[in-house]
Amino acid sequence: MSKKLLRLLAVLLSFVLVVAACGGDDDSSSASSSEDSSASDEADTVVLTQTSDWAVRGAAAAGPAADLPAFSAGVLHVVEAAESDQRCGFSLVDALSVVGVTPSEFDGAGVPETMAEGMDVLLGEGHDVIFGISVEPGAIAVQLQRAADEGVTFINMCGTVRKNDLVAASPVPSDYAQAALAGQYIIDMLYEENPNAPEGQIAVIEFPQILSLFQRVATVEKMLEEWDGIEIVARHEVDFANPNEDIRSAVLSIVTANPDIDVIYTLGDFMIPAAVSALDELGVTGTEVKIVSAQSGSPSVLSLIAAGKVAAVVDPRLDASGWIAVDIWLDHLARGNVMNDVDWHQYNHFFEYKLITADNIDPDYEMRPGYVVETPVTGFVDFFTAKWTAEYGLG
């Protein structure tokens, strides 16, 4: 592998878990007073380590105590049929429940006109804040201006969207990191089959109008520049009028026209079942043709991995996005701090980018009721619950 590619991956996949460690004594020019002061300081100091309980970390990270005004919230889904969208919604509802808020929700169904209608409905309900789950600002441009005029905050979460000054913040996992893991898996798989001169054919199921999906393709395209024998030979843009049938038909056509294809590269969990259905129909699922996805981790897809029908997916812990988004909003509401797309990056470590294959799958994933997808390594639920309790006097 070239040094250029290694440098690219190093940039894309470098994530730092910052752990604060406090301690130390002042100079002992005045012994007795220093000892008294040191003893008092040590009694009040919380020393954090990598094994510290996440609730302890959250309490230690709390800002100054502040009164939290009552507020009302709305949620605009991009396409609620996708389990990734559901995971984001569930996590947001759970986070808001900690501060006693039950949001109103509207499903955009993947259709720009429906998303705009949903924003109108939520604005009409008089909410203080609306959380959009991967909704492109261009689809709701008129409504975003109305929200700004009416003093309603709009926060994006879960998936990258195009920059817009009317979106207060967008705490999302890196699409480049997700795609880099998936792309490297594809390259490694084809390299193992032919180490001397790896070669392979890839088909992409895409929808570039959504920026997060565009970035997941662009990353892999950039990585493949290093490998002359590996190429994208077909691509299909999803029609959301009937996405399942559209994807199934497209995969049937692509594989029939390209019988030597090795990989179907998908960009999210909603694309995968239909692709599997087509490959099943052709009798090539998991054998001649493998499915790799830049984002998933949802139960239905994980069951397909366990069944050998999907080779690999990347789970970026979408659940963390909702908790970070609520934290941004609460700080603004209680203290008047300006929201931005810089400060929330201190929580980047909560997005646990994980490549999931048949070798490391957890078969016990489930969704509502219960909504226990997986116990996170980084305990953002305990962290933010403790942080907000300390800051806003909850409970």
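See above for the structure.
The residue numbers shown here count from 1 along each chain, following its written sequence. In keeping with the model being predicted, local features are shown solely for residues with a pLDDT of at least 70 and side-chain atom pairs are shown and tallied solely at 80 or more, while totals for entire chains, interfaces and linings include all residues. The basis for the side-chain values is all heavy atoms of the structure; hydrogens and waters are excluded.

J.: Just to check I follow, could you spell out helix H6 (residues 141–149) for this structure?
T.: Spacing of three or four residues puts side chains on the same side of an α-helix, whose turn is 3.6 residues. Residues of H6 that are buried include every one of Gln 143, Leu 144 and Ala 147, and no others. Buried positions in H6, seen along its axis, are confined to an arc of 105° and lie on one side of it. Relative to its buried face, H6 has exposed residues pointing more than 90 degrees away, namely Val 142 and Asp 149. Residue contacts are defined here by distance: any two heavy atoms, one from each residue, within 4.5 Å place the two residues in contact. Working definition: helices are DSSP H or I runs of at least four residues, strands are E runs of at least two. Numbering for both runs from the N terminus. The elements touched by buried residues of H6 are helix H5 (112–124) and strand E4 (153–157). One or two steps after H6, the chain reaches Gly 151, where phi turns positive at roughly 75°. Accessibility here uses a 1.4 Å probe with only protein chains present; expressed as a share of the type maximum, an area under 20% marks a residue as buried, one over 50% as exposed, and anything in between as partly exposed. By definition, the arc is the one covered by directions from the helix axis to the C-beta atoms.

J.: How should the packing of aromatic side chains be read in this particular structure?
T.: Two aromatic rings, taken as a pair, are described by how far apart their centres are and by the angle between their planes. Two rings from Phe, Tyr or Trp (for Trp, the six-membered ring) form a pair when their centres sit within 6.5 Å of each other. Planes less than 30 degrees apart are called stacked, planes more than 60 degrees apart edge-to-face, and all others tilted. The final tally for this structure, using the stated rule, is 15 aromatic pairs. When the ring of Tyr 347 is compared with that of Phe 350, the centres are 5.8 Å apart and the planes differ by 25°; the resulting orientation is stacked. The class for Tyr 347 is buried, based on a relative accessible area of 7%. Above the face of the Trp 54 ring, Arg 57 is positioned so that its terminal group lies 4.0 Å from the ring centre. A ring is scored as having a charge over it whenever the NZ atom of a lysine or the CZ atom of an arginine sits within 6 Å of its centre and within 35 degrees of its normal.

J.: Looking at this structure, how should I read the nonpolar core?
T.: Most often, soluble globular proteins have nonpolar side chains that are buried together. Counting 73 residues, the largest nonpolar core has Val 251, Ile 264 and Tyr 265 as the members making the most contacts within it. Broken down by element, this core gets its largest block of residues, 7 residues, from helix H7 (residues 175–193). The contacts of Tyr 265, once residues within four sequence positions are left out, are Ala 179, Ala 182, Ile 186, Ile 202, Ala 203, Val 204, Ile 205, Arg 216, Val 217, Val 220, Val 292 and Ala 294. Put simply, buried Ala, Val, Leu, Ile, Met, Phe, Trp, Tyr and Cys residues joined by side-chain atoms within 4.5 Å make one nonpolar core. Counting 40 residues, the second largest nonpolar core, distinct from the first, contains Leu 96, Val 129, Trp 323 and Ala 334.

J.: What exactly am I supposed to notice about the pairing of strand E7 (residues 263–266) here?
T.: The side chains of a regular strand alternate, residue by residue, between the two faces of the sheet. Neither face of E7 is exposed, since Val 263 and Tyr 265 on one face and Ile 264 and Thr 266 on the opposite face are all buried. When DSSP locates at least two bridges between a pair of strands, those strands are taken to pair. Note: strand E5 (residues 200–206) against E7, 3 bridges, orientation parallel. Note that in E7 the partner of Val 204 across the bridge is Tyr 265. Across 4 bridges, the pairing between E7 and strand E8 (residues 290–293) is parallel. Looking at the pairing, Thr 266 lines up with Ser 293 of E8. Handedness of the crossover is the feature at issue here: the chain leaves E7, passes through helix H10 (residues 272–282), returns alongside E8, and the resulting connection is right-handed. Crossovers are marked right-handed if the path from the first strand over the helix to the second runs clockwise, as seen with the strands pointing away from the viewer.

J.: Sorry if this is basic, but what is going on with the packing of helix H9 (residues 243–257) against H10 here?
T.: Each pair of packed helices can be summarised by the angle the axes make with each other and by the distance between the axes. With axes taken as lines fitted to C-alpha atoms, and helix axes fitted only over the stretch in contact, angles between N-to-C directions fall between 0 and 180 degrees. Across the interface, H9 lies against H10 with an axial gap of 8 Å and an inter-helix angle of 40°. What the angle tells us is that H9 and H10 run oblique. Seen from above, H9 lies across H10 with right-handed handedness. Along the contact surface, H9 presents Asn 244, Ile 247, Arg 248, Val 251, Leu 252, Val 255 and Thr 256, while H10 presents Ala 274, Ala 275, Ser 277, Ala 278, Leu 279, Glu 281 and Leu 282. Following the grouping adopted for this structure description, the nonpolar residues are Ala, Val, Leu, Ile, Met, Phe, Trp, Tyr, Cys and Pro, the charged ones are Asp, Glu, Lys and Arg, and the polar ones are all others, Gly among them. In terms of residue class, the contact of H9 with H10 is made up of 9 nonpolar, 3 polar and 2 charged. Throughout this description, any angle smaller than 35 degrees is read as roughly parallel, any larger than 145 degrees as roughly antiparallel, any in the 65 to 115 degree range as roughly perpendicular, and the remainder as oblique. A clockwise turn of the near helix away from the far one marks a right-handed crossing, whereas an anticlockwise turn of less than a right angle marks a left-handed crossing.

J.: What should I look at first to understand the sheet that holds E8 in this one?
T.: Hydrogen bonding along the main chain pairs the strands of a sheet, whether they run parallel or antiparallel. Taken in spatial order, the 6 strands of this open sheet run E6-E5-E7-E8-E9-E10, and their pairing is mixed. The open sheet has two free edges, formed respectively by strand E6 (230–237) and strand E10 (354–356), since each of these has just one partner strand. Going from strand to strand, the sheet's axes swing by 20° on average, the running direction of each strand aside. As judged from the 2 bridges shared by E8 and strand E9 (residues 312–315), these two strands associate in the parallel manner. Considered in E9, the bridge of Val 292 is made with Ala 312. Seen against the sheet, H10 touches E7, E8 and E9 and runs at an angle of roughly 175° to E8.

J.: Is there a simple way to explain the sheet that holds E4 in this structure?
T.: Spatial ordering of the open sheet is given by E2-E1-E3-E4, a layout of 4 strands whose pairing is parallel. Whereas interior strands pair on both sides, the edge strands pair on one side only; in this sheet they are strand E2 (104–107) and E4. With direction set aside, neighbouring strand axes in the sheet form an average angle of 20°. Of the pairings in the sheet, the one linking strand E1 (residues 73–77) to strand E3 (residues 129–133) comprises 5 bridges and is parallel in character. Its bridge partner being in E3, Ala 73 is matched across the sheet by Val 129.

J.: When you look at the side chain of Glu 391 in this model, what are you seeing that I'm missing?
T.: Position of Glu 391 relative to the elements: it lies in helix H13 (residues 380–392). When its relative accessible area of 3% is taken as the criterion, Glu 391 is described as buried. Any pair of nitrogen or oxygen atoms within 3.5 Å is treated as a polar contact; in protein, a donor-acceptor pairing is required on top of that, and neighbouring residues in sequence qualify only through side-chain atoms on both sides. At 2.7 Å, the side chain of Glu 391 forms a polar contact with the backbone nitrogen of Gly 63. Other than its neighbours up to four places away in sequence, Glu 391 contacts Ala 62, Gly 63, Pro 64, Ala 65, Ala 66 and Arg 335.

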